[in-house]
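Okay, here's what each chain looks like letter by letter:
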Amino acid sequence: MRDSLVAAAFQLFLERGYEQTTVDEIVALAGVGRRSFFRYFPSKEDVVFPDHERCLAEMNDFLGDSSGEGGEGEGGADDPVARVCDAARVVLRMYAENPTFSVQRYRLTKKVPGLRTYELSVVWRYERALAEYLRGRFAGRRDGTLRADVIAAAVVAAHNNGLRSWLRSDGQSDATAEVDHALAHVQQVFGSAPDPDPDPDPDPVGPVQRPTGKSAKRAADDDVVVVISRRGAPMWRVVQEVETALGRDLE
């Protein structure tokens, strides 16, 4: 029934125009009642985008799969940028499954301002899902939230660029090649960059904190020293500082 309603709606949209078509006309052509229509679609706009709820759920499931399997790109769950690029390919598959319908929707959306606005709200939900995943991956990192939001926006922009190139060709070009080419730019810019470090101190090893007075005597007796070290500093540097503080070599 859902597919019948979508088919009837698009037949009328193409024949009469979107604005001129009513829900009553759609259900009459599909041979169902108004209640059936609103059981599947809250509004007439929703019948134009019948597959996005399912696709969004599939993308969230893909991002939630920590095994890293199932993606078409080279990166698994250990590479968050490659992971969100592969998540965008989940959306591409939804469009590519039915090229004729996708092209018809693209043409219709270009003509109707209200549908373009609706489509932007749908795109924002995809971007938010990608950003939430990346925020979790970059949690605790300096500028982690900023990095997550920028990468998510870049992935969506790249995906949409490749997708629209395919749609403008009336579905005749290679959709996967178009989107892969666009997503490659995202991975080139963000994929190879190291994660931001939570410690803004540029000195790999901070100053040795030496106690004074009675605390100094107790520290000397117990060979206790505190070293502030940046995460990622080479171990030899840390050991060197401890040796200097203790005044002897460590074995």
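Preceding this paragraph is the structure being described.
Every value quoted in this text rests on a predicted model; they were computed, and no experiment measured them.

S.K.: What exactly am I supposed to notice about the overall build of the protein here?
M.R.: From N to C terminus, the protein includes 11 helices and 2 strands. Each helix and strand of the protein, ordered N terminal to C terminal, gives the series α-α-α-α-α-α-α-α-α-β-α-β-α. Considering only residue pairs separated by 6 or more positions, the protein has 64% of its internal contacts joining residues 24 or more positions apart. When the accessible surface of the protein is totalled, it reaches about 14,300 Å², and 50% of it is carbon and sulfur.

S.K.: Any chance you could explain the nonpolar core here in plain terms?
M.R.: In globular proteins that are soluble, nonpolar side chains generally tend to be buried together. Met-59, Val-84, Tyr-126, Leu-130, Leu-134, Ile-151 and Val-155 are the most contacted members of the largest nonpolar core, which has 40 residues in total. Where this core is concerned, the elements lending two or more residues are helix H4 (52–64), helix H5 (80–96), helix H6 (99–111), helix H7 (113–137), helix H8 (144–168) and helix H9 (175–191). Here this core takes 10 residues from H5, the largest share from any one element. With near-sequence residues (within four places) excluded, Leu-134 lies in contact with Pro-80, Val-84, Ala-148, Ile-151 and Ala-152. In this structure, Ala-9, Val-48, Phe-49 and Leu-115 belong to the second largest nonpolar core, which totals 20 residues.

S.K.: I would appreciate a short explanation of unusual backbone geometry in the present structure.
M.R.: Negative phi is the rule for most residues except glycine; trans is the rule for most peptide bonds. Phi is positive for Asp-143, which is not a glycine, with a value near 60°. Summarising the element assignment, Asp-143 is placed in the loop between H7 and H8. Within the chain, Asp-170 stands out as a residue other than glycine whose phi angle is a positive 65°. Along the chain, Asp-170 falls in the loop between H8 and H9.

S.K.: Mind showing me how you'd approach the packing of aromatic side chains here?
M.R.: The geometry of an aromatic ring pair is captured by the separation of the ring centres together with the interplanar angle, meaning the angle of the planes. Taken as a whole, this structure holds 7 aromatic pairs when the rule is applied. Judged by centre distance (5.2 Å) and plane angle (80°), the rings of Phe-37 and Phe-38 are edge-to-face. The buried category is assigned to Phe-37, whose relative accessible area is 0%. Between Phe-37 and Phe-41, the aromatic rings sit 5.6 Å apart at their centres with planes inclined by 50°, giving tilted as the arrangement.

S.K.: What is the right way to read the side chain of Arg-105 from this model?
M.R.: Looking at the secondary structure, you find Arg-105 in helix H6. Residue classification places Arg-105 among the buried positions, given a relative accessible area of 2%. What Arg-105 contacts, discounting residues up to four positions off in sequence, is Phe-10, Val-48, Phe-49, Pro-50, Asp-51, His-52, Met-94 and Tyr-95.

S.K.: What am I meant to see in the environment of Arg-116 here?
M.R.: Among the secondary structure elements, Arg-116 is positioned in helix H7. A residue is classified by how much of its surface remains accessible, and Arg-116, at 36% relative accessible area, is partly exposed. For Arg-116 and Tyr-106, which are 10 residues apart along the polypeptide, the C-alpha to C-alpha distance reads 9.6 Å. Residues contacting Arg-116, with those up to four places away along its chain left out, are Thr-109, Lys-110 and Lys-111.

S.K.: Teacher, can you tell me more about the pattern of salt bridges here?
M.R.: All chains considered together, the criterion is met by 10 salt bridges. Note that Asp-24 and Arg-34 form a salt bridge whose closest N and O atoms lie 2.7 Å from each other. With Asp-24 in helix H2 (residues 23–30) and Arg-34 in helix H3 (residues 34–40), this residue pair connects regions lying 10 residues apart in the sequence. The exposure class assigned to Asp-24 is partly exposed, which follows from its relative accessible area of 41%. When the shortest N-O distance is used, the salt bridge between Glu-53 and Arg-125 registers 2.5 Å. With a gap of 72 residues between them, Glu-53 in helix H4 and Arg-125 in helix H7 connect regions that are remote in the sequence. Arg-125 gets classed as partly exposed once you look at its relative accessible area, which sits at 31%.

S.K.: What exactly am I supposed to notice about the environment of Gly-64 here?
M.R.: Among the secondary structure elements, Gly-64 is positioned in helix H4. Separated by 69 residues in sequence, Gly-64 and Tyr-133 have C-alpha atoms that sit 8.2 Å apart.

Cut-off values and rules
- Per chain, residues are indexed from 1 in the order of the written sequence.
- Only residues with pLDDT of 70 or above have their local features reported here, since the model is predicted, and side-chain atom pairs are shown and tallied only from 80 upward, although totals for entire chains, interfaces and linings are computed over all residues.
- Only hydrogens and water are set aside; all other atoms, that is, all heavy atoms of the structure, feed into the side-chain values.
- Helix and strand assignments follow DSSP, with helices taken as H or I runs no shorter than four residues and strands as E runs no shorter than two, numbered in order from the N terminus.
- Residues count as neighbours in contact if any of their non-hydrogen atoms are within 4.5 Å of one another.
- Calculation of accessible area relied on Shrake-Rupley with a 1.4 Å probe; when residues are assessed, cover is drawn exclusively from the protein chains displayed.
- By convention a nonpolar core is built from buried Ala, Val, Leu, Ile, Met, Phe, Trp, Tyr and Cys residues, the set being connected through side-chain atoms within 4.5 Å.
- Partly exposed describes any residue whose relative accessible area lies between the buried limit of under 20% and the exposed limit of over 50%, with all areas from a 1.4 Å probe on protein chains only and scaled to the type maximum.
- Only Phe, Tyr and Trp rings take part, Trp by its six-membered ring, and two of them pair if their centres are within 6.5 Å. Stacked means planes under 30 degrees apart, edge-to-face means over 60, and tilted covers everything else.
- One speaks of a salt bridge when a side-chain nitrogen belonging to Lys or Arg is within 4 Å of a carboxyl oxygen belonging to Asp or Glu.

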